[in-house]
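Coordinate inspection notes
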Amino acid sequence: MNARGTPLTLLLPLLLAPVACSLLAESELTGKPLENAGGSAGTGAGGTGNDGGGGGGAPPCSGLCSASEACCDDACVDPATSVEHCGGCGQACAPGERCCGDAGCAACCETADCPADHQCIGNACVLQCGGQTEACGDVCALLDSNAQHCGACFKDCLAGHACVGGACQPGWAQMSTANAPAPRQRAAAAWAGTKLFVWGGQNAQGALGDGALYDPKTDTWTAITSTDAPEARVDAVAVWTGDRVLVWGGGPANGSTALNTGKLYDPATDTWSAVAIAPIGRRAPVAFYTGSRVLIWAGSSGGSPIAGGALYDPAMNKWSSMSTASAPNARTNTGWVWSGTEMLLFGGRPLGSGASSEGFGYDPVMNKWRGLSTQNAPNARYDAFTVWMNGTMLVYGGRDVAGAAFDDAAIYDPMSDVWSSTTSSTKRSAPMGRTGVTGYVGTRAVLAGGLDTAQKITTDGATYDVTNAQWSAIPAWPSMADHENGVAVWSGEEIILWSGLDNGTLISAGERYRP
């Protein structure tokens, strides 16, 4: 009792009420739950030992977490297995990872974490292949027969070609027409690293300003954006610069005006970018990438051949002129190759007529022309097949001044400036842009199309083996269509033919040849 005789049991609630209210207000301000308002160290309600309130009450996980657990985000977690708190509170693993104790976040902790045919080795899922199969990425491949891993991992035979005995089988494969661009002729085309690039050209309605990419691995077409694309044109050139395609020159479908404009296309982003205006426009010039610049030479404008050329630097977006000292005069139907250091030219029709036996070399680094030796050089001709054969230039076929076809061949060595004759094949010629395509793989030059002795388009071809100077026939392509003025590109592995004219009618057919 107090001095007035009131029992203390009745006064205690009244005395403690202000304290409780004060604690409740503090709890609401701090956002923390109220626990054990009057607890003492180690004796808070629901908590024992180190989880005690320390005189101020127990924390949220008070007494609930085991010795191996931690209190993270008001919950008890095992930092050895929790992907949200791996090794400590807030240390989250990346999506798809596991928490593997001392190893931390990893792809797997045990084999059960991995897909079928994989084992967890060093906390990584490793493909385990049995029998004669080998691990190629995430695939167990039989290298003798897997067309995507033929003879070696990631050696792709490309769509339509089988793998037998670890070797991709040669032959023709037809191309899908699904999602392909409209049939056309006189389009700009180039091999763009892993895909065929096609843009522009014309159909019966006139010049076209669209295009597409074709992937021979999947036999599929993908449209190219028309946003900021060049104006519609024919007879333009397309050149792969290692990361972008330069589309340049050409002109309207009706007339002979030559354009000096172009654009760069980036297949990685499907975007076009501006190109500086060149000094002069050209239709269907020689065009290729030197490794740092695009070389443009010859071509026509106003219906007449043009001499000289220019170099375009895509990194600087800048044009520079080629030297004219000792350069050839304007000419058409000239055979050419790029050696890696020098553009080599042979034959052609000076000023658009006759036939020539002249040869020239141009070094873009030195900006210098030279004449090739005439000793033992082939007879004067134009529309010859020319192929760079990893050290020498093969010149085969073509026509004389009277239009008669040749069947002979010669090899030029730029290091020694020496010509030597070699074995002959069938008579045929390759008028640039109209028909005929060449390539080189392994030890063989590959040629397809061209004109026969009656100047009709041929649908077969031949290979020339530099090791034994032997020619071998290439069978006719499946469609037997002319592909006149169509796309004809060498990819480094295949000849690709698409669209063009067949007896004057545009066709959608496409085919690829693997030697």
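Everything that follows concerns the structure shown earlier in this document.
Residues numbered from 1 in each chain as written. Predicted model: local features only at pLDDT ≥ 70, side-chain atom pairs only at ≥ 80, totals over all residues. Heavy atoms only, no water.

A closer look at the overall build of the protein
Let me state the cut-off plainly: Under the scheme used here, helices are H or I runs from DSSP no shorter than 4 residues and strands are E runs no shorter than 2 residues, and both carry numbers assigned from the N terminus. Relative accessibility decides the category of a residue: with a 1.4 Å probe and only protein chains considered, values under 20% of the type maximum give buried, values over 50% give exposed, and everything between is partly exposed. Residue contacts are defined here by distance: any two heavy atoms, one from each residue, within 4.5 Å place the two residues in contact. Only the protein chains shown count as cover for residues, and all accessible areas are computed by the Shrake-Rupley method using a 1.4 Å probe.
Within the protein, the secondary structure is distributed over one helix and 46 strands. Residues classed as buried in the protein amount to 44% of the 515 residues present. Pairs at least 24 residues apart make up 42% of the contacts formed inside the protein by residues separated by at least 6 positions. Total accessible area computed for the protein in this model is approximately 24100 Å², and 52% of it derives from carbon and sulfur atoms.

What to know about the sheet that holds strand S23 (residues 294-297)
Put simply, the rule is: Any two strands with at least two DSSP bridges between them are considered paired. Here the axes come from fitting lines to C-alpha atoms, over the contacting stretch only for helices, and the angles between their N-to-C directions go from 0 to 180 degrees.
Spatially, the four strands line up as an open sheet ordered S22-S23-S26-S27, and their pairing is antiparallel. At either end of the open sheet lies a strand with only one pairing partner, and these are strand S22 (286-289) and strand S27 (318-321). On average, adjacent strands in this sheet sit at an angle of 20 degrees to one another, irrespective of strand direction. As defined by bridge partners, strand S26 (residues 309-313) adjoins S27 across four bridges and the pair is classed as antiparallel. In the strand pairing of S27, alanine 310 is matched with serine 321.

Focus on unusual backbone geometry
Located in the positive-phi region is asparagine 123, a residue other than glycine, with phi close to 65 degrees. Structurally, asparagine 123 can be placed in the loop between strand S5 (118-121) and strand S6 (124-127). A positive phi angle is found at leucine 351, which is not glycine, with a value near 55 degrees. On the secondary structure map, leucine 351 appears in the loop between strand S31 (349-350) and strand S32 (359-363).

So yeah, pure geometry; function would need other evidence.
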